[in-house]
Amino acid sequence: MTFTDWLRADRLPHIYCAGCGNGTVINCTLNAVDQMGWKKEETVFVSGIGCSSRAPGYIVTDSLHTTHGRALAFATGIKMANPALNIVVFTGDGDLAAIGGNHFIHACRRNIDLTVVCMNNMIYGMTGGQGSPTTPPGALSTTTPYGSEEPAFDLCELAAAAGANYAARWTSYHVKELTHAVLAGLRTPGFSFIEALVQCPTNYGRRNKFRQPLDQVEYFKTHGMLVEKVRRLHEEGREIPPDTIVLGELARRNRPAMGVKR
Amino acid sequence: MKLSIDEKRCKGCNLCTMVCPYRIFRPGKTPNERGIVIPVLDRPERCPNARLQPLYGRTLCGMCQMICPDQAISWVEEKPGEKKKVAIEF
Ligand SMILES: Cc1ncc(C[n+]2csc(CCOP(=O)(O)OP(=O)(O)O)c2C)c(N)n1
Ligand code: SF4
Ligand code: SF4
Ligand code: SF4
C-alpha cells in the first residue's frame, strides 16, 4: 500500500488554491499513517473549520468535520468513547490557537492520546486573509493593514508548556522530515503535536511579497534552522537571526497519558 | 514504469520543479485547455523511481510526488509493446 490508497480519488482535485501547502501536508500525514499499518476502519480523521480542515473530506476513512475550533473537543470524545480507534486531527492556526485555544491547552494538559497536525499558514485562509494568533510581527493581512504589531504564538512551545508528550515543527518544503515527525507522533502515546508551516499563496503570500507559491517555499527552505543548532548558538552566545524558523523536535517525553489503548 | 502528471489534477504551481534532483520537471510555457500551464518533463526516463522501483519494491526518491499538493504525480506501467526510453547512468 502507498499513501495514495488513503485518498478519495473521486473527490480530487481538491478545492485548495494552486500551490497551497495544505495538499503537501495531507500527503506527508497519509504517508506516515500508511507506514503505521493501521486499518482504515480503525482510523478516524477529525477537523474543525478552515481550508486546512477540509482535508479529512479527501480521505477514505471515517471522519468528522466539526465546528470551528472544536476539533480537539470532538476528538477527545471519540478517544474516550473508544480508545481502540486511532485518531488524527487536522487543524489550522486559527482553528487551533484562536477560537480553539482553550481546547488546545487542555488537550495538552490531559495529554490525551491524539496526533494533531496543524497546517499553520499564519493567516485565516478560508475567510479571506484576516490575521491569526500566528501572524508574524510586521506581516500584512486584512486586519493588520499596516503590519501586525503583536507577537505571534509559538505553537510548539505552547504545546510543550501545556504538557504534550511530543511537539515538532517542519514546513511544506521538508516533506521527508515532516513525514518522520508525524510518524513519531503517531507512535507516541499521549498528545502529539506536529506543526507544519504552509504557504497560502492566495491570502498570505500575495500580501507579503511571496508572489508565487515557490517564493514562500524557498523562504521556508532558507530560513529554517534545526532546534539543536539554535540551542547551541544560544549557549555560545551567538546571534540567531530574528526571522529564523526553528525546526525539529521541540518536545519528547513520557508524561502519563489519557485514552491510551490497553 | 514511467513518470506521469495527471492533467486533470495538476494546477501548475511548479513546486515539483523545485525539488527534483534531476531537474526533470521544467516550468511549462503553453496553457492546456483548462488554462493551466503544466510542467514539461525533461528526459523523465532518468527518474530513479521510474527505473528502479520494480527492482527495489519501494518508492525511491519520490520527492516530487510528496510535495505535489494536488496529488498529480505518479508512475504508470507502460502498455504492453509500448516503446520506452532507458537512461544509462555511469
Ligand atoms: C464559530 C465560528 N466563527 C467564525 C467562523 C468563520 N471562520 C471560518 S474559517 C475561519 C478561519 C480559519 O482559519 P484557520 O483555522 O487558520 O484555517 P485556514 O483556512 O487558514 O486553513 C473562520 C474565522 C466560523 N465558521 N465559525
Ligand atoms: S486560501 Fe490559502 S489556505 Fe486556503 S486553499 Fe487557498 S492557498 Fe490554501
Ligand atoms: S522521484 Fe525524484 S528523481 Fe524522480 S522525478 Fe520525482 S523528484 Fe525527480
Ligand atoms: S507540483 Fe503537482 S500541481 Fe504543482 S505543477 Fe507540479 S504536478 Fe502540477
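Residues numbered from 1 in each chain as written. Chains lettered and ligands numbered in written order. Predicted model: local features only at pLDDT ≥ 70, side-chain atom pairs only at ≥ 80, totals over all residues. Heavy atoms only, no water.

### Observations concerning the confidence of the model for chain B
Regions with low pLDDT carry predicted coordinates that are not meant to be interpreted in detail.
Alright, step 1. Looking at chain B, pLDDT values average 92 and 98% of them are 70 or higher.
Alright, step 2. Confidence metrics for the complex model read pTM 0.96 and ipTM 0.93. (pLDDT = per-residue confidence, 0-100.)

### Some points on the sheet that holds strand β2 (residues 62-65) of chain A
Note: strands within a sheet are paired through backbone hydrogen bonds, in either parallel or antiparallel orientation.
All names here are of chain A.
Alright, step 1. An order of β2-β1-β3-β4-β6-β5-β8-β7 is seen for the 8 strands of this open sheet, with the pairing classed as mixed. The open sheet terminates on both sides in strands that have one partner only, identified here as β2 and β7 (224-226). Looking at each pair of strands side by side, their axes are set apart by 20 degrees on average, direction ignored.
Alright, step 2. When strand β5 (residues 166-171) meets strand β8 (residues 245-252), the two strands line up antiparallel, connected through 4 bridges. When the bridges of β8 are listed, alanine 167 appears paired with alanine 251.
Alright, step 3. Taken strand by strand, helix α7 (residues 213-223) contacts β5, β6 (192-197), β7 and β8, and its axis lies near 30 degrees from that of β7. (Pairing = 2+ DSSP bridges. Helix = DSSP H or I, 4+ residues; strand = E, 2+ residues; numbered from the N terminus. Axes fitted to C-alpha atoms, helices over the stretch in contact; angles between N-to-C directions. Contact = heavy atoms within 4.5 Å.)

### Topic: the pairing of strand β4 (residues 115-120) of chain A
Across a regular strand the side chains alternate sides, sitting on one face of the sheet and then on the other.
Residues and elements named next belong to chain A.
Alright, step 1. Most of β4 sits out of view: 6 of its 6 residues are buried.
Alright, step 2. On β4, burial covers both faces: Thr115, Val117 and Met119 on one face and Val116, Cys118 and Asn120 on the other are all buried.
Alright, step 3. Sheet analysis places strand β3 (residues 86-92) next to β4, joined by 5 bridges and oriented parallel. Pairing of phenylalanine 90 across the sheet is with valine 117, part of β4. (Buried < 20%, exposed > 50% of the residue type's maximum accessible area, 1.4 Å probe, protein only.)

### Digging into the side chain of aspartate 42 of chain B
All names here are of chain B.
Alright, step 1. For aspartate 42, the position within the fold is in the loop between β3 (40-41) and α2 (48-56).
Alright, step 2. Among the residues examined, aspartate 42 registers a relative accessible area of 19% and is labelled buried.
Alright, step 3. Side chain to side chain, aspartate 42 and arginine 26 meet in a polar contact 3.4 Å long.
Alright, step 4. Side chain to side chain, aspartate 42 and arginine 43 meet in a polar contact 3.1 Å long.
Alright, step 5. Apart from residues no more than four positions distant in its own chain, aspartate 42 is found in contact with Arg23, Ile24 and Arg26. (Polar contact = N/O pair within 3.5 Å; in protein donor to acceptor, adjacent residues only side chain to side chain.)

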